[in-house]
Amino acid sequence: MLEPGSQVQNAIYLAGGGDWPIAPEDWEARARELLPPEQFDYVAGGAGSEATVRANREAFERRRLRPRMLAGHTERDLSVEVLGLRSPVPFLLAPIGVLSIVHAEAELGVARASRATGVPMILSSAASTSLEDVAAELGDAQRWFQLYWWGDRDLAASLVDRAAAAGYGAIVVTLDTLTLGWRDRDLRNGYLPFLGGEGLAQFFSDPLFRERLAAPPEDDVQTASLMALAAFPNLGLSWSDLAWLRERTELPILLKGVLTAEDARLAGEHGADGVVVSNHGGRQVDGAVAALDALVEVRDEVGGGATVLMDGGIRRGADVLKALALGADAVLLGRLYAYGLAAGGARGVEAVIRQLAAELDLTLALTGGRSVRDLDRSSVT
């Protein structure tokens, strides 16, 4: 479903260019042109001074690939398998909430691109489309579900059960957003999309939540939105609570937001099947460690056999290779595909995926690689 990099490249040359942006900066600029400022800022912005957003990119810039010559590889294998999830490329589509503010197709557009390319998506708890509707759009395509562990445990349990029933293959628990971080851009704009009911589809479609409402969200979206927001914060969550989730579901559990060796060790001790090294794209803690730097620390702690993914700052094929070389089993692609969605719905997301896969394939070829699974720390400096 994904063409070799040279084929994608040649098609663009032969067409005399293309309708889509090419560089990540071009995709971002296109999204900026198309979206209202407050909606673009919600996607592009980070916490505080956005130092963590910058650190994520700077960490990749500090590393350099070490190309090897005359490797004799005419074909490459970009595929990976993580906890039973298979992808033709070593990246997945990260959970991004509130995509209805980016494009009318929202998560359904992402699902269509996922199905068309074979690259799995991780659906956000803060989606604008119910997990059941996204599952129906995906059909047999593999997918995971990201869980914001709401302060109301009964509602969290309902969400986990619904995800399992809808065919999601794992639960990815986000640890770093037990309450919202301080985000200058959103505060300056006075913009929180949840207040208007955006990004609350999992609440609004949940039978237990709807039972508690005096009127359904369709009739009183403001009250329903405020009730959902009241159920969200969960700063009291602790490591011991994971035992409840482990008993609740037989699905693999990954913990997203791990940035230290200490927390990686605790994740394993409390039954997690894997971790996602992430600082939430720099959206939660200003001045936090870069995700790529944290990846090295986490992989050193857990050893080679543990499942470790990462996100934060992934924009180019070279970024994917660097992260894999430093210990990631796969990476998550975030804002870049959201910009693709803004630019053209499902077709835009698909274009982003195909471009990144092509660049990744060509870069692996030119560095002498045969398989992304063979990369190790000797591949970077």
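Per chain, the residues get numbers from 1 upward, laid out in the order the sequence is written. The model is predicted, so local features are restricted to residues of pLDDT at least 70 and side-chain atom pairs to those at 80 or more, both for listing and for counting; the totals for chains, interfaces and linings are taken over all residues. The side-chain figures draw on all heavy atoms in the structure; neither hydrogens nor water molecules are used.

Student: Account for the environment of Ile171, with residues named and values stated.
Tutor: Tracing the chain through its elements places Ile171 in strand 6 (residues 171-174). Note on exposure labels: buried denotes an accessible area under 20% of the residue type's maximum, exposed denotes more than 50%, and partly exposed covers the range between, all computed with a 1.4 Å probe on protein chains only. Ile171 gets classed as buried once you look at its relative accessible area, which sits at 0%. In this structure, the C-alpha to C-alpha distance between Ile171 and Leu147, residues 24 residues apart in sequence, is 6.5 Å. In this view, Ile171 contacts Phe145, Leu147, Ala163, Leu251, Pro252, Ile253 and Leu254; residues no more than four positions away in its chain are not counted. Numbering of helices and strands runs from the N terminus, with a helix taken as a DSSP run of H or I at least four residues long and a strand as a DSSP run of E at least two residues long. Throughout, a contact is declared for two residues whenever any of their heavy atoms are within 4.5 Å.

Student: Residue-level account of unusual backbone geometry, with values.
Tutor: Look at Leu70: it is not a glycine, yet its phi comes out positive at around 50 degrees. Relative to the helices and strands, Leu70 is located in the loop between helix 4 (51-62) and strand 1 (80-82). Look at Leu70 and you get exposed, because its relative accessible area is 88%. In this structure, His280 is a non-glycine residue whose phi angle is positive, near 60 degrees. Here His280 is to be found in the loop between strand 8 (274-277) and helix 14 (291-302).

Student: So what's going on with the packing of helix 13 (residues 261-269) against helix 14? Residues and values would help.
Tutor: The geometry of a pair of packed helices is captured by two quantities: the angle between their axes and the separation between those axes. Direction vectors running N to C along helix 13 and helix 14 enclose 45 degrees, while the axes themselves pass 8 Å from each other. Between helix 13 and helix 14, the angle is such that the two are oblique. Once helix 13 is placed against helix 14, the crossing between them reads as right-handed. Mapping the contact onto sequence places Ala261, Glu262, Ala264 and Arg265 in helix 13 and Glu297, Val298, Glu301 and Val302 in helix 14. The convention used is that axes are lines fitted to C-alpha atoms, helices contributing only their stretch in contact, and that angles between N-to-C directions extend from 0 to 180 degrees. Between 65 and 115 degrees an angle is taken as roughly perpendicular, under 35 as roughly parallel, over 145 as roughly antiparallel, and anywhere else as oblique. Whether a crossing is left-handed or right-handed is set by the direction in which the near helix is turned from the far one by less than a right angle, anticlockwise for left-handed and clockwise for right-handed.

Student: Pulling in residues and values, what's your account of the environment of Gly118?
Tutor: One can find Gly118 in the loop between helix 5 (106-117) and strand 4 (121-123). In the structure, Gly118 is positioned 82 residues away from Leu200 in sequence and 27 Å away in space, judged by C-alpha atoms. Sequence-distant contacts of Gly118, that is, excluding residues within four places in its chain, are made with Met1, Arg86, Ser87 and Pro88.

Structural measurements only, silent on function.
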